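Chain residues, written in single-letter form:
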Amino acid sequence: MENGLVRVGILGGTFDPVHIGHLILAEEAWARLGLSKVLFVPAGDPPHKRGQPLSPVHHRVRMLELAIADNPHFALSRVDCDRPGPHYTLDMVRLLQAQLGPRAELYFLMGFDSLIDFPTWHQPQELLAICRLVALTRYGYALDWDKLEAALPGLRQRVTLLPMPELEIASHIIQQRVREGWPIRYQVPAAVEEYIHQHRLYRDSVRAE
């Protein structure tokens, strides 16, 4: 805590399903940035994923609850999934700031690939004004700071680069492995694996209800 401020990390996403990569990312950010907590914010209706199959939000929320239950500095926020969409990051961060109060300094966690596309986001300049961006390094991605600065002056000063362990794991790969009958043990927490099998998630293209 500096100058009376409390640092809070924000990790948004569909979490369909949450996997160990998400958890490692959040833990690394918590430790390296001195965050008081990391909020996992599942999206209800993400604009960039419209038209794609998405598990019902109650399943995605429950899997997150199971995944973070044993970590005291992780918490789940329903600020996105309990309101009508479309869900833009700027709206979500504004709502969290209002909930947490002026003493909360917000750090929005994202991958290098998201940072490269950041100028195309909904009102990116306004988002930069109310939170810091934390870009997680990813092998195979290079940043063109000149291009990013030309699109959004002052961006670089609002970005913290965070080295991350390299993991080739993604939610869509886990979905595919389930459909094909391959194991997902150790790729998701044990309780999440059990939930996926119990509710027969990702067995076919039609999501479970």
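The coordinates are above.
Residues numbered from 1 in each chain as written. Predicted model: local features only at pLDDT ≥ 70, side-chain atom pairs only at ≥ 80, totals over all residues. Heavy atoms only, no water.

Enquirer: Break down the packing of helix α2 (residues 57-68) against helix α8 (residues 190-198) for me, citing the residues and quoting the values.
Expert: Running from N to C, α2 and α8 point in directions that differ by 150°, and their axes come no closer than 8 Å. In terms of axis orientation, α2 runs roughly antiparallel to α8. Where α2 crosses over α8, the handedness of that crossing is right-handed. Residues H58, H59, R62, M63, L66 and A67 of α2 touch α8, and the partners they reach there are A191, V192, Y195 and I196. (Axes fitted to C-alpha atoms, helices over the stretch in contact; angles between N-to-C directions. Helix = DSSP H or I, 4+ residues; strand = E, 2+ residues; numbered from the N terminus. Parallel < 35°, antiparallel > 145°, perpendicular 65-115°, else oblique. Left-handed = near helix turned anticlockwise from the far one by under 90°. Contact = heavy atoms within 4.5 Å.)

Enquirer: Run through the nonpolar core, naming residues and quoting values.
Expert: L11, V18, V38, F40, M63 and I196 are the most contacted members of the largest nonpolar core, which has 32 residues in total. Breaking this core down by element, the ones donating at least two residues are α1 (20-33), β2 (37-42), α2, β4 (104-111), β5 (132-136), α7 (171-180) and α8. Looking at this core element by element, the count peaks at 5 residues for α1. The next biggest cluster of nonpolar side chains, apart from the first, holds 27 residues, and it includes V8, I10, V41 and W145. (Core = buried A, V, L, I, M, F, W, Y, C linked by side-chain atoms within 4.5 Å. Buried < 20%, exposed > 50% of the residue type's maximum accessible area, 1.4 Å probe, protein only.)

Enquirer: Go over the pairing of β5 with me, naming the residues and quoting the values.
Expert: The buried fraction of β5 is high, at 5 of 5 residues. Alternating positions in β5 separate into two faces, R132, V134 and L136 on one and L133 and A135 on the other, with burial throughout. Here β4 pairs with β5 via 5 bridges, running parallel. Looking at β5, one finds that Y107 is bridged to R132. Looking at chain direction, β5 and strand β6 (residues 159-162) are connected through 4 bridges and run parallel. If you follow L136 over to β6, its bridge partner there is L162. (Pairing = 2+ DSSP bridges.)

Enquirer: I'd love a proper account of α2, names of residues and values included.
Expert: Between its terminal C-alpha atoms α2 stretches 17 Å, which fits the 16 Å expected from 12 residues at 1.5 Å a residue. Within α2, burial applies to H59, R60, V61, M63, L64, A67 and I68. Here the buried face of α2 lies against α1, β2, β3 (74-76) and α8. (Expected span 1.5 Å × (residues − 1).)

Enquirer: With reference to specific residues and values, describe the pattern of salt bridges.
Expert: Counted under the stated rule, the structure contains 5 salt bridges. Across the salt bridge formed by R78 and D82, the nearest N and O atoms sit 2.9 Å from each other. (Salt bridge = Lys/Arg side-chain N within 4 Å of Asp/Glu carboxyl O.)

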